[in-house]
Amino acid sequence: MVSNRLPFTAERRPPPEGVRFRRSPGGLVAALEPALAQRGGVWVGWTGAAREDGDAVAGAPPPPAEHVQYRAVPLTAHEIALYYAGFANRTIWPLFHYFVGQTQIDSATWRAYERVNERFAQVAAEASDDEALVWVHDYQLLRVPHHLRRLAPRRRIAFFLHIPFPAADVLRVLPWSRDLIQGMLAADLVGVHIPSYADHVLTCAERLLGCEVDRAAGLVRFEGREVSVEAHPISIDVAEVERLAERVTPGAVDAAAAPDAPVAEILGVDRLDYTKGIHERLLAVERLLERHPGLRRRITFTQVMVPSRERVAEYGELKREIDETVGRINGRFSERGWSPIRYLVRSLPPAELVALYRQADVALVTPLRDGMNLVAKEYVAAQLDDDGVLILSEMAGAADELQEALLVNPFDVDEVADALHRALQMPRDERRARMSALRHRVRANDVRAWVDRFLDASERAGLRARSTVASPADALQRMLAPWLARRATVALFLDYDGTLTPIAARPEDAQLSDAARQTLDQAARTPNLDIVIVSGRALADVQQRVGVPGLTYVGNHGFEIEGPGISFRHPELERWRAALEAAASELEALAASGATIERKGASVAVHVRTVPEGERRRLERQAEAVLRRRRLRVTPGKGLVEGRPPVPWDKGHAVLHVLVHRHGADWPSRVSAVYIGDDRTDEDAFRSLEGIGRSIRVGPSPGGASYADYRLPDPEAVLVLLRWFASGAFAGAKS
Ligand code: GDG
C-alpha cells in the first residue's frame, strides 16, 4: 500500500515529548489494514512529521496486525512545503476540483513533486517483489506508478484516485498534464469513483497523449501495455457506523407532523475546504430563514468543521471568511435562548459524530465538487429507522449512487434553500421511502466489498497486462491510419542512428540490417510514399550506409540534401569551412585519450562513447571549449559533442525545405508528413511538424519531455511500422 500518509497522525508536543503519533480514525484505514494483514504487506507513506523533527520512523506506532509493516518515506520541511502544501494542494487539488483560477502554476513545486514521487516509488520498489501487488493512492502520488514501472518493470501496479478526475479541457491548463496522465497510466489498473471520471481519463489519454482507447472495454493502450480504467465507488464501514448509531437515542422530530415542534436539526460535516461549499451552504440557511420567518426558533443548523491543511495559506483565509459569515447570520437572527447556527470547529470522536448523524433530521451535504463524499454515506448508514432526509450536491461523486436524495446545485443558494424547506415539510412516508432505498444501496457496497472488488480488478488487470504484449507498432498504425487517409501522399522522414539501427559504441559500427535495407528498397517503389533519410552524419556517409537508390538523403543535420529533383547545400557552409577544418585539427589532440574525431565536411564530431566513463565529461568539456573558440555552435548528442556552423538551420528546417521544394508551400493539405527519430537533434524536426505533421520518438527521452506525438520503443518497432508503410497498406484506408 502506498499513500501520502501512513495510517496515523503526528502531533508535535513541547520537549521532551517531541513528536507523538495517533492512529488515524476512519473507514478507509479500517478497511485497508485488515486487507493488508490478511495478505501480508507493507504500508509505505509519510509519517506527517518533518525529518528535522527527529527520527519520526522510530517513534511511529507499531502496526496493529502481524504481517503488516510500516515503511516511512522521509521528507524535509522544505519538501513538504513544495510537494505537499505546494504542488499537491495548491495545484492538483484546486484544478482537479475545477477551481481553475485558484490553480498555482510553479515549476519549482512541480520539480519537488516529481522528486518526492520518485522517492516514494523507490521505497515501494524496495519493499515489494514481482509477486506483490502495489496499490498506490491518490493525487499526491500520480507519478509514482511511472517511476515504479521504470525501477521494476514487472511489478503489478494498481492506482486509485480519491478525488475527481477533471475533463480534458480543464486538465490541459496544467503545463505538466501529460506527465500526470503518463504517471498514472504506468499502472495496470487506474481506479476512480464514478464512470464520468473514467471517461475523462480515457479522453485525456486519447487527446493529450495520442493513445489508442477502447471505450467499451475501458482500456488504454499505452507504451505497449493495456491499462484498465474502471469506476469503483468507494464506501464506508457500514457495520461500525450502525454499531455506534445503535447506542444513540434517535432525536428525530417530525417537523411536518408537529408544526409547533421545538427544533428540527440540520447537519453539515466537513473538513475545512473551499471545495466543500460551506460558505454557500450558510447562505442557503440564511435564505431559508429570510423566506420562512416561521422557521425561526424551530430549526438549528449544526456545522462540524474539522481544521485541515493548516500549512496551506488559503485555508486560513477561508476559515476567517466562514467564521465571519456564521457570526453575521447568528447576529442577524439569534433570539433569546436560540441561535440558528451551532458551529463546532474541531474533530469529534467517532461516537459523537455518529450521534449527530443519527439525531439530525436533515443532512446538508453540498460540496461544490467532491470525488465521492463519505459524509453522505455515513449519514445514510446511521438512519437506523429509515428516517431523515439527505440533501446532496449533484457535484459529489456520491450523487451517482444516491439518486433518492434531494439533489441540488450547490452554487444555487435559492435552490438549496428550497430543498431545505421541502426536506422540513416532507411527509414521513416519502422520507422513509427515500431513506430506505438509500440505506439499502449503501449497505450493499460496504468499504470491505469495495476493497475486495478493487483487488480482484487489480489481479485481472495485472494478468491481462502480462498476457497481452500488444505490438506498439500495430497500435500506432491504427492511430495513424485515419489521418493518413485524408491526404494523397505520405512523406516519411527517418533518422538513421538509433532509429533505423541500434546505437553502436563506435559510429562506424552502426550497420543497417539486411531486413531494414530490403524494406527501404520496397518502400522506395511504393506509390505515394516519399522516403527521406535524415542524419547528423556526413551526406556521403549516410548515403553509402543505406545504399538504397531513389530515396532522398539529408546529411549533416540538414546542411546537405540530395535526392530525386533536389540537390541542396546550405549557402553559409563555404564561409565556415576553414573554421571547421581548424577546429577538427585541434581536436585531433583528444584522440590520444581515446576519443574519435569525425570530420563531416559541414560539421565536426568528437565521439566519447569509447572513452572510459570517468574521463568522458572532461573530454567533452575540452572539445566544447575548442569549438566555442572557433565560434562554432556546440550541440551535445548521444555520447558525442558536435560543432556546426552557428547558423539557424537544423533538421526541422531541412524537413520543411524538402516538403516545400517537392510539394509546394501548401503541402499540408496534400501530404501527410511523418518524422521518426530518437535523438535530441530530432526534437527540432518534431517541433517544426507540431500540428502540421506527426512525429514519433524512438526510445525514452531524458526527463520524459518530447515534442513528439507518439512513441515507439526501439528500432525493431520502427521496422515493423516501416514494413506497413512499404506494403502500401496505409493507402488502403482511403475512401
Ligand atoms: C477524499 C475526497 C472521497 C469529518 N469530520 C469528522 C470526521 N470526519 C470524517 C468523515 C468522513 C471523512 O472525515 C471525510 O470524508 P469525505 O469523503 O467527506 O471527504 P475528504 O476528506 O475530502 O476525502 C472524497 C474520500 O477522499 C474517499 O475516497 O469521498 O471525495 O475528497 O469519513 O466521517 N471524523 C471524525 N470526527 C470528525 O469531526 N472522527
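Quick summary incoming for the structure in this document. (Residues numbered from 1 in each chain as written. Predicted model: local features only at pLDDT ≥ 70, side-chain atom pairs only at ≥ 80, totals over all residues. Heavy atoms only, no water.)

**Description of the site of the ligand**
Part 1 of the argument: In the neighbourhood of the ligand, 22 residues make up the surrounding shell, with His162, Leu348, Asp370, Leu374 and Glu378 lying closest.
Part 2 of the argument: Within the side chain of Arg271, one N or O atom sits 2.8 Å away from an oxygen atom of the ligand.
Part 3 of the argument: The contact in question runs from an oxygen atom of the ligand to an N or O atom on the side chain of Asp370, over 2.5 Å.
Part 4 of the argument: Against a free-state accessible area of 730 Å², the protein chains account for coverage of 84% of the ligand.
Part 5 of the argument: Elements supplying a minimum of two residues to the shell around the ligand: strand E12 (264–271), strand E13 (299–306), helix H12 (350–359) and helix H13 (374–381).
Part 6 of the argument: Broken down by class, the residue content of the shell around the ligand amounts to twelve nonpolar, five polar and five charged.
Part 7 of the argument: Built from parts of two domains, the shell around the ligand gets at least three residues from each of domain 1 (76–231) and domain 2 (238–445). (Near = heavy atom within 4 Å. Polar contact = N/O pair within 3.5 Å; in protein donor to acceptor, adjacent residues only side chain to side chain. Areas by Shrake-Rupley, 256 points an atom, 1.4 Å probe, with all protein chains shown as cover. Helix = DSSP H or I, 4+ residues; strand = E, 2+ residues; numbered from the N terminus. Nonpolar A, V, L, I, M, F, W, Y, C, P; charged D, E, K, R; others polar. Domains from an automatic or database assignment.)

**Side note on helix H11 (residues 313–333)**
Part 1 of the argument: Between its first and last C-alpha, H11 extends 31 Å over 21 residues, near the 30 Å set by a 1.5 Å rise per residue.
Part 2 of the argument: The set of residues buried in H11 consists of Tyr315, Leu318, Ile322, Thr325, Val326, Ile329, Asn330 and Phe333. In a view along the axis of H11, the buried residues occupy a sector of 125 degrees, so they form one face of it. More than 90 degrees from the buried face of H11, the exposed residues found are Arg320, Glu324 and Gly331.
Part 3 of the argument: Lining the buried residues of H11 we find helix H3 (77–96), helix H10 (278–291), E13 and strand E14 (341–344). (Expected span 1.5 Å × (residues − 1). Buried < 20%, exposed > 50% of the residue type's maximum accessible area, 1.4 Å probe, protein only. Arc of directions from axis to C-beta. Contact = heavy atoms within 4.5 Å.)

**What to know about empty space enclosed by the protein**
Part 1 of the argument: Counted by the stated rule, this structure contains three cavities of 30 Å³ or more.
Part 2 of the argument: Of the volumes computed, that of the largest cavity is approximately 400 Å³.
Part 3 of the argument: Lining the largest cavity are 27 residues, with Asp497, Ile503, His607, Lys638 and Leu640 positioned closest to its centre.
Part 4 of the argument: Those elements giving two or more residues to the lining of the largest cavity turn out to be strand E24 (604–607), strand E25 (633–637) and strand E26 (640–644).
Part 5 of the argument: Here the lining of the largest cavity gathers at least three residues from each of two domains, domain 3 (472–570 + 649–734) and domain 4 (573–647). (1 Å grid on protein atoms, 1.4 Å probe; cavity = no way out; pocket = protein on both sides within 12 Å on 5 of 7 lines; lining within 4 Å. Points joined across faces, edges and corners; volume = space filled by probe spheres on them.)

**Regarding the packing of aromatic side chains**
Part 1 of the argument: The full count for this structure, using the stated rule, is 24 aromatic pairs.
Part 2 of the argument: Measuring from ring centre to ring centre gives 4.8 Å for Phe87 and Tyr113, while their planes differ by 50 degrees; the resulting arrangement is tilted. Taken as a pair, Phe87 in helix H3 and Tyr113 in helix H4 (residues 107–126) lie far apart in primary sequence, 26 residues in all. This pair shows no difference in class: Phe87 is buried, exactly as Tyr113 is.
Part 3 of the argument: Taking 5.5 Å as the distance between ring centres and 75 degrees as the angle between the ring planes, the aromatic pair formed by Phe96 and Phe165 counts as edge-to-face. One end of the pair, Phe96, is in helix H3; the other, Phe165, is in the loop between strand E7 (156–160) and helix H6 (168–171), and 69 residues separate them in sequence. Comparing Phe96 with Phe165 shows no difference in burial state: the two are buried.
Part 4 of the argument: Aromatic rings pair up to connect Tyr83, Phe87, Trp110, Tyr113, Phe120 and Trp176 into one cluster.
Part 5 of the argument: The aromatic ring of Trp46 is capped on one face by Arg5, whose charged end is 5.2 Å from the ring centroid. (Phe/Tyr/Trp six-rings, centres within 6.5 Å; stacked < 30°, edge-to-face > 60°. Lys NZ or Arg CZ within 6 Å of the ring centre and 35° of its normal.)

**Here we look at the sheet that holds strand E16 (residues 389–393)**
Part 1 of the argument: One open sheet accounts for six strands, arranged E14-E13-E12-E15-E16-E17; its pairing is parallel. Taken across any chain shown, the strands that pair with only one partner, and hence form the sheet edges, are E14 and strand E17 (406–408). Looking at each pair of strands side by side, their axes are set apart by 20 degrees on average, direction ignored.
Part 2 of the argument: Taken strand by strand, H10 contacts E12, E13, E14 and strand E15 (362–365), and its axis lies near 175 degrees from that of E13.
Part 3 of the argument: Packing against the sheet, helix H14 (residues 413–425) makes contact with E12, E13, E15, E16 and E17, and its axis sits at approximately 170 degrees to E17. (Pairing = 2+ DSSP bridges. Axes fitted to C-alpha atoms, helices over the stretch in contact; angles between N-to-C directions.)

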